[in-house]
Amino acid sequence: MVKNQLPFRFYEVSAVHPEPFQVGCTISVFDQCGVYLCCEGEVCFSSDDHTYIMHRGDLYIYLPSSVVHLKQLSADSRGLVMDARIDFALPISNKVMNSENLLCLRQHPTLHLTDEQFDYLQRLMLRIGKRIQWEEVRELPVARQHLMMELMKSLGHVVFYEVLNLYFASEVKDPVPNDRKDLIFQNFMLSLYQYYQKERDVAFYAELQHITPRYFSSIIKEKSGQTASPWLEQLVVGARQSH
């Protein structure tokens, strides 16, 4: 029950038990983000014409609209994954990140952790995974179910805040040059969560960036594979399901 209702998911992935991430599959969709922590072996991802080879202590962060492919898992590979719906992740990014931070994260999605950082993050993610399993078999009175759900969401927040803290505490990464279309898409992502509850017309978001709705939607589709309208619809539906 708890597992199915949470706005995030936890997985332990290995070459022996790769589900739900089979080699060759796409592990990111337009309405989710997530992190992969490599614990053992070698893992190969590809995204936006870039290939990332991961080893023990490497962290990979994937954002909404990124098309990420799992290309290879070594026989001894083992990793931890947490992914989340966009309506769960965006409030976190809005509180602690700006457009430049998002661009940096999108362009440099990997981080090598120190032994201490790796041990800490691995323990934290495993604890949450065990807590989810524990709560799955517990029978709680109705009065406590809502409280437990909010507690589990808070634990999920801790992981994602810790990941961002580790990322931006590392060596400063300068964003590579971006054209105006990249900035338009990133600004749309930031404004979407801020206004979606009251403003569900694409023209409103286009006006924020002083361009026509038609041109605005064409840019969003070019950068994410979806026009602006599906982004709005997905966030509205996700918000309803989370309440």
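Residues numbered from 1 in each chain as written. Predicted model: local features only at pLDDT ≥ 70, side-chain atom pairs only at ≥ 80, totals over all residues. Heavy atoms only, no water.

## Re the overall build of the chain
Per the secondary structure count, the chain includes nine helices and eight strands. The long-range fraction of contacts in the chain, counting pairs at least 24 apart against all pairs at least 6 apart in sequence, stands at 78%. Roughly 12900 Å² of accessible area belongs to the chain as shown, and the carbon and sulfur atoms make up 52% of that amount. (Helix = DSSP H or I, 4+ residues; strand = E, 2+ residues; numbered from the N terminus. Contact = heavy atoms within 4.5 Å. Areas by Shrake-Rupley, 256 points an atom, 1.4 Å probe, with all protein chains shown as cover.)

## Concerning the nonpolar core
Leu37 and Met125 are the most contacted members of the largest nonpolar core, which totals 37 residues. Mapped onto this core, the elements with two or more residues apiece are strand 1 (8-14), strand 2 (32-40), strand 5 (58-62), strand 7 (78-85), helix 2 (86-96), helix 3 (99-107), helix 4 (115-137) and helix 5 (142-169). In this structure, Ile86, Met189, Ile211 and Val236 belong to the second largest nonpolar core, which totals 20 residues. (Core = buried A, V, L, I, M, F, W, Y, C linked by side-chain atoms within 4.5 Å. Buried < 20%, exposed > 50% of the residue type's maximum accessible area, 1.4 Å probe, protein only.)

## What about unusual backbone geometry?
Of note in the backbone geometry, His210 takes a positive phi value of approximately 60° without being a glycine. Position of His210 relative to the elements: it lies in the loop between helix 7 (202-208) and helix 8 (213-224). Take His210: its relative accessible area is 72%, and that puts it in the exposed class.

## Topic: the sheet that holds strand 7
Spatially, the five strands line up as an open sheet ordered 1-7-2-5-8, and their pairing is antiparallel. Only two strands of the sheet have a single partner each, and these edge strands are strand 1 and strand 8 (110-112). With direction set aside, neighbouring strand axes in the sheet form an average angle of 15°. Strand direction decides the pairing type here: strand 2 and strand 5, joined by four bridges, are antiparallel. The partner of Leu37 across the bridge, within strand 5, is Leu59. (Pairing = 2+ DSSP bridges. Axes fitted to C-alpha atoms, helices over the stretch in contact; angles between N-to-C directions.)

## Some details on the packing of aromatic side chains
Counted according to the given criterion, the structure contains 12 aromatic pairs. Considering the side-chain rings of Phe8 and Phe88, the 5.7 Å spacing of their centres and the 40° angle between planes classify their relative orientation as tilted. One end of the pair, Phe8, is in strand 1; the other, Phe88, is in helix 2, with 80 residues separating them in the sequence. A relative accessible area of 6% means that Phe88 is categorised as buried. Ring centres of Tyr195 and Phe204 lie 5.2 Å apart, and the angle between their planes is 70°; on these two criteria the pair is classed as edge-to-face. According to the relative accessible area criterion, Tyr195 is partly exposed, its value standing at 30%. The exposure class of Phe204 is partly exposed, given its relative accessible area of 23%. (Phe/Tyr/Trp six-rings, centres within 6.5 Å; stacked < 30°, edge-to-face > 60°.)

## What to know about the side chain of Ser74
In this structure, Ser74 sits in the loop between strand 6 (68-73) and strand 7. Separated by 2.9 Å, the side chain of Ser74 and the backbone nitrogen of Glu42 make a polar contact. A polar side-chain atom of Ser74 sits 2.7 Å from a polar atom in the side chain of Asp76. With near-sequence residues (within four places) excluded, Ser74 lies in contact with Ala15, Gly41 and Glu42. (Polar contact = N/O pair within 3.5 Å; in protein donor to acceptor, adjacent residues only side chain to side chain.)

## Observations regarding helix 2
Of all 11 residues in helix 2, eight are buried, a share of seventy percent or more. Of all the positions in helix 2, only Ile86, Asp87, Phe88, Ala89, Leu90, Pro91, Ile92 and Ser93 are classed as buried.

## Here's the deal with the environment of Gln209
Looking at where Gln209 falls in the secondary structure, it is placed in the loop between helix 7 and helix 8. For Gln209, the contacting residues outside a window of four places in its chain are Arg180, Leu183, Ile184, Asn187, Phe188 and Phe216.

## Quick word on empty space enclosed by the protein
In the structure shown here, the tally under the stated rule is three cavities of 30 Å³ or more. Put simply, the largest cavity is a space of about 290 Å³. Forming the boundary of the largest cavity are 22 residues, of which Cys33, Leu63, Ala89, Ser93 and Leu102 lie nearest the centre. Listing elements by their share of the lining of the largest cavity, those giving two or more residues are strand 2, strand 5, helix 2, helix 3, helix 5 and helix 6 (180-195). (1 Å grid on protein atoms, 1.4 Å probe; cavity = no way out; pocket = protein on both sides within 12 Å on 5 of 7 lines; lining within 4 Å. Points joined across faces, edges and corners; volume = space filled by probe spheres on them.)

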